[in-house]
Amino acid sequence: MKKKALIFGIAGEDGSCLVKELLKKNYSVFGVTKLNKLNNLQKLSILNKASIYTLKKFTEKKIIAILKKRFDTIYFFGVKSKINQSFANDKIATGSNVVPVKIILEFIRNHQKTAKFLFVSSGEIFGKQVFKKLNKNSEKIPQSPNALSELICLELIKSYREMFKLKVYSLICSNHKSYLKDNAFVTCKIIKSLISFKKKKKRNCIF
């Protein structure tokens, strides 16, 4: 029987790339998104290879209804928001990160202890510690409601892992981009220009 994976944030840059890798490993992939835009999955030609649930709001009833389908592995990509938006409405950060993560952890603890869970956070939890080599033990100085909500999730997951011996983990990712990112980002312009140059389709460089 195929293993089943559930991805919260499946329509994002990282979520879409993860779908592609899981399909290679012969997983049945399911995903949850708040977005109607599925451009990244379309770009990777895998849109029709995953089952997608669109939730405008993360509620306990809706999340549990999905979790009852029983997944071997659950991934949660922390919801990112612009700093200004994060301060303007801090309930978005709490409702999009802390609340669903707590629901997932409780479901695993009470109904499916064999399931694995991975929460993916951003480096924003470290604040503006520039020119420093950082690791998981470095001081956390979140400077926005969104970063604070991610840090709360990390601590929640650590507590559930240690107290209830669950297979729940966290991953901290620094800022990164791929060719799936919008062309408005400078890094993406550089990457796409280099790819075109390598393929000899375009000789002029943007520098």
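Preceding block: the structure.
Read on for an overview of the structure. Everything numeric in this text was worked out from a predicted model, so none of it was measured.

Here's the deal with the pattern of salt bridges
Point 1. Taken as a whole and judged by the stated rule, the model has two salt bridges.
Point 2. In this structure, the salt-bridge partner of glutamate 21 is lysine 24, at a minimum N-O distance of 3.4 Å. Of the two residues, glutamate 21 and lysine 24 are both situated in helix H1 (residues 13-24); the distance of three residues between them amounts to about one turn of the helix.
Point 3. Assessed through its relative accessible area of 39%, glutamate 21 is described here as partly exposed.
Point 4. For arginine 109, the salt bridge identified is with glutamate 106, shortest N-O distance 3.1 Å. Placement of the pair is arginine 109 and glutamate 106 together in helix H5 (residues 90-111), with a separation of three residues, close to one helical turn.
Point 5. With a relative accessible area of 24%, arginine 109 lands in the partly exposed category.

Here's the deal with the environment of asparagine 146
Point 1. Following the sequence through the fold, asparagine 146 ends up in helix H6 (residues 145-164).
Point 2. Of the residues examined, asparagine 146 reaches a relative accessible area of 2% and is grouped as buried.
Point 3. Taking the C-alpha atoms as reference points, asparagine 146 and valine 98, separated by 48 residues in sequence, lie 9.9 Å from one another.

About the thresholds
- Throughout, a residue's number is its position along its own chain's written sequence, starting from 1.
- In keeping with the model being predicted, local features are shown solely for residues with a pLDDT of at least 70 and side-chain atom pairs are shown and tallied solely at 80 or more, while totals for entire chains, interfaces and linings include all residues.
- With hydrogens and water excluded, all non-hydrogen atoms of the structure serve as input to the side-chain values.
- The working definition used for a salt bridge is a side-chain nitrogen of Lys or Arg within 4 Å of a carboxyl oxygen of Asp or Glu.
- Here a helix means four or more residues in a row that DSSP labels H or I, a strand means two or more in a row labelled E, and each is numbered from the N terminus.
- Think of it in three bands: residues with accessible area under 20% of the maximum for their type are buried, residues over 50% are exposed, and the middle band is partly exposed, with areas taken using a 1.4 Å probe on protein chains only.

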